[in-house]
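Commentary on secondary and tertiary structure
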Amino acid sequence: MPTETFEFQVEARQLLQLMIHSVYSNKDVFLRELVSNASDALDKLRLAALRDDSLDADTSDLHIEIDLDPDARTLTVRDNGIGMSYDEVGKLIGTIANSGTAEFLKELKEAQDAAGAEGLIGQFGVGFYSGFMAADEMTLVTRRAGEGSGTRWSSRGEGTYTLENVADAPQGTAVTLHLKPADPENQLHDYTSTWKIKEIVKRYSDFITWPIRLVPKPGDEGEDAPEPETLNSMKALWARSRDEVSDDEYHELYKHVSHDWRDPLETIRLQAEGTFEYQALLFLPAHAPHDLFTRDFRRGLQLYVKRVLIMDDCEALLPPYLRFVKGVVDAQDLSLNVSREILQQDRHIRMIQRRLTKKVLSSVKEMKAGDPDKYAAFWREFGAVLKEGLFGDPDNRDALLAVASFASTHAEDEPTTLQQYVERMTDGQDDIYYMTGESRQSIENSPHMEAFRARGVEVLLLTDAVDEVWVDAVGEFDGKKLRSVAKGEIDLDVQGDEQADGEREKQTEAYAALLGWLKEQLAEDVKDVRLSTRLTVSPACVVSDAHDLTPALENMYRAMGQEIPPTKRILELNPAHPLVQGLNQAYQEREDRAELVETAELLHGLAVLAEGGQPKEPARFVKLVAERLEQALR
Ligand code: ADP
């Protein structure tokens, strides 16, 4: 097959441009990325050989090699791992599969400055392509373990790459960087310097479990070739004591397992002794990945048995609501050959999951007490995921509630815990009030909040999709019911206030006929019409019955493909509002109520609009409003 030339996918080309023009200031990390890929390839081969005895692959001396040629100005990172087939090279190296890429490039366009672009690259990590920070040409020769022939990929990073078959490629992958010309001003960045390479490997890749060897320079004639030198200690960080390992070393391990280029927010160590021994090193990332809420989010920890990786992305080690946690678990007594399905059922794995979950939650709690800013950053990024645990993991509900915080009317930018809310509750308040909605602003402007604002009653402002679900599942906290301000009847008046009670009785009588009539007129849209105790300035609002689905929840079920019949809601009127008073008077005085039917329709439409909804027939609604405005001008 002749050499074929291909165009890079658009996204890949844009990314390459960035790499070539190097907006990323720390170029050394390209080596970390190539070594990390090589290490993954060795892991994959070992696992493949473990599962398939018939795989025709050599696993006798798995290692990574770095080969420097100062004269040719090349640097090669070689592994004898899994390798790639011809098709895989095109797929994996020619395109960028990361589901966040489109998002990434959009943000990149918006981030005009270099600092913004650097932050974004760090956020996504671009692995293999980072080689172009140091090279003006890259070639990759690879042979998939078990296959007969190999593939050569080559590119100058501009618009195209070439692919060709090569008959005699060794098993695994060799990536060769044709380095950019040396900068005489800056010898420190000479990647053909042995010293420089040793330093980079030590700094970023010391913990890699496979040997990283430096290929020795050929000796003088007649001498024996010198032995290759292994540059990394290969010591598992999780097996070493805390004071032996620096924060930076932990952070590099995090970057290797997560493919994130930024430091983690928190490192969590756990050593379980006793009959079932294991060690864990967990990381809380500093930022939520873009695909955290997508179906194909890759979750899970690396599972080792006595220092040997047996599974990548092991989901069974943590519950779904901790899917953002990265890290490593190393157990003493697990079978090396265990399948994912079996693992899900394994008693020991379940035990580890329980323990890790508690450990993560207690770490968050400590963070909250000891470093409130860090906790706030954590909760901002991952609070919405953790809240899934409030209904998904009843056993840890209390621990989750202890670390959960929510926006509240109490303070603009200071979230509150439920405990703090309860401590602030005033005499006579029995329930914890909340309202769900799109944003803080839309909730605060909603008519349902009026009476609460007028009386200074605190309301939690819940804006995550998951909030609708957990509030129902949790139901109460510290003996206080969680109540939506937009559901059921609300009685904020101090109990036993006889004057208020008497007033209400009178109003109920005065409005009884109108309410009955409205209920008939609007029967298609609402199930009841009643006087409101929540409104102070708006004429009307719609509320849900205490046990009904809210519109947001209905939408959520529909989005998940469930058939949900629309739930009728309740229209509430504000008897203190002139429009409502006028309507009542007109109802009593007029024989011909045709016009009032329209007024009723308008009133309902206004109530729906006020909570951010849409009137049933927007065009008709607009027409009616326009007619009324016109009448008012006459
Ligand atoms: P990432 O490592 O974040 O997935 P990369 O761009 O670094 O992104 O690599 C893309 C893919 O190419 C890898 O996921 C892997 O499947 C493949 N790949 C890269 N380097 C190697 C290698 N040395 N051996 C085998 N496959 C590799």
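- The name recorded for the protein chain in an unreviewed UniProt entry is Chaperone protein HtpG, from Streptomyces coacervatus.
- According to the UniProt record, the Sequence similarities (unreviewed entry) comment for the protein chain reads "Belongs to the heat shock protein 90 family."
- Database annotation for the protein chain, UniProt heading Subcellular location (unreviewed entry): "Cytoplasm".

**With respect to the sheet that holds strand β3 (residues 74-79)**
- Spatially, the nine strands line up as an open sheet ordered β1-β6-β5-β4-β7-β3-β2-β8-β9, and their pairing is mixed. Each having just a single partner strand, β1 (4-7) and β9 (229-230) make up the two edges of the open sheet.
- Bridge count between strand β2 (residues 64-69) and β3: six bridges; the pairing is antiparallel. Opposite Leu 68, over in β3, you have Leu 75 as the bridge partner.
- Each of β2, β3, β7 (172-179) and β8 (212-214) touches helix α2 (residues 29-51); the most contacted strand, β3, lies at about 20 degrees to it.

**A few points about the sheet that holds strand β14 (residues 326-331)**
- Spatially, the five strands line up as an open sheet ordered β10-β11-β14-β12-β13, and their pairing is mixed. Only two strands of the sheet have a single partner each, and these edge strands are β10 (266-272) and β13 (308-314). Direction aside, the axes of adjacent strands within the sheet are offset by 15 degrees on average.
- Two elements, strand β11 (residues 278-284) and β14, share six bridges in a ladder whose sense is antiparallel. The residue bridging Gln 279 from the neighbouring strand is Asp 330, located in β14.
- The sheet contacts of helix α7 (residues 247-258) involve β10, β11, β12 (301-305) and β14, and relative to β14 the element is tilted by about 100 degrees.

**What to know about the nonpolar core**
- Counting 75 residues, the largest nonpolar core has Leu 303, Phe 324, Leu 356 and Phe 378 as the members making the most contacts within it.
- The leading source of residues in this core is helix α9 (residues 347-370), at seven residues.
- Both domains that meet at this core, namely domain 2 (237-377) and domain 3 (405-484), each give it at least three residues.
- Contact partners of Leu 356, with chain neighbours within four places excluded, come to Leu 270, Ala 280, Leu 282, Leu 301, Leu 317, Leu 318 and Val 329.
- In this structure, Leu 68, Phe 132, Trp 153 and Leu 237 belong to the second largest nonpolar core, which totals 69 residues.

**Some words on the pairing of β11**
- In terms of burial, β11 is largely enclosed, as seven of its seven residues are buried.
- Here β11 shows a buried face lined by Tyr 278, Ala 280, Leu 282 and Leu 284 and a second buried face lined by Gln 279, Leu 281 and Phe 283.
- Note: β10 against β11, seven bridges, orientation antiparallel. Within β11, the position partnered with Leu 270 by the bridge is Ala 280.
- With antiparallel pairing between neighbouring strands as the criterion, β10 and β11 make up a hairpin whose turn holds five residues, including Gly 274 at a positive phi of roughly 105 degrees.

**Comments concerning the domain arrangement of the protein chain**
- One can read the domain layout of the protein chain as domain 1 (4-220), domain 2 (237-377), domain 3 (405-484) and domain 4 (498-633).
- Computed over C-alpha atoms only, the centres of domain 2 and domain 3 are separated by 33 Å.

**Considering the packing of aromatic side chains**
- For the structure on display, the rule yields 18 aromatic pairs.
- Relative to Tyr 191, the ring of Phe 30 lies with its centre 4.9 Å away and its plane at 85 degrees, an arrangement referred to as edge-to-face. Remark: Tyr 191 occurs in the loop between β7 and α6 (194-205) and Phe 30 occurs in helix α2; sequence separation between them is 161 residues. An identical accessibility class is assigned to Phe 30 and Tyr 191; each is buried.
- Between Phe 128 and Tyr 129, the ring centres sit 6.2 Å apart and the planes meet at 65 degrees, which makes this aromatic pair edge-to-face.
- The buried category is assigned to Phe 128, whose relative accessible area is 9%.
- A residue is classified by how much of its surface remains accessible, and Tyr 129, at 4% relative accessible area, is buried.
- Taken together, Phe 6, Phe 8, Phe 128, Tyr 129, Trp 153 and Tyr 161 form an aromatic cluster joined through their ring pairs.
- The lysine or arginine in question, Arg 32, covers the ring of Trp 261, its NZ or CZ lying 5.4 Å from the ring centre.

The rules behind the values
Residues numbered from 1 in each chain as written. Predicted model: local features only at pLDDT ≥ 70, side-chain atom pairs only at ≥ 80, totals over all residues. Heavy atoms only, no water. UniProt positions renumbered as here; feature names shortened; annotations may be inferred. Pairing = 2+ DSSP bridges. Helix = DSSP H or I, 4+ residues; strand = E, 2+ residues; numbered from the N terminus. Contact = heavy atoms within 4.5 Å. Axes fitted to C-alpha atoms, helices over the stretch in contact; angles between N-to-C directions. Core = buried A, V, L, I, M, F, W, Y, C linked by side-chain atoms within 4.5 Å. Buried < 20%, exposed > 50% of the residue type's maximum accessible area, 1.4 Å probe, protein only. Domains from an automatic or database assignment. Phe/Tyr/Trp six-rings, centres within 6.5 Å; stacked < 30°, edge-to-face > 60°. Lys NZ or Arg CZ within 6 Å of the ring centre and 35° of its normal.

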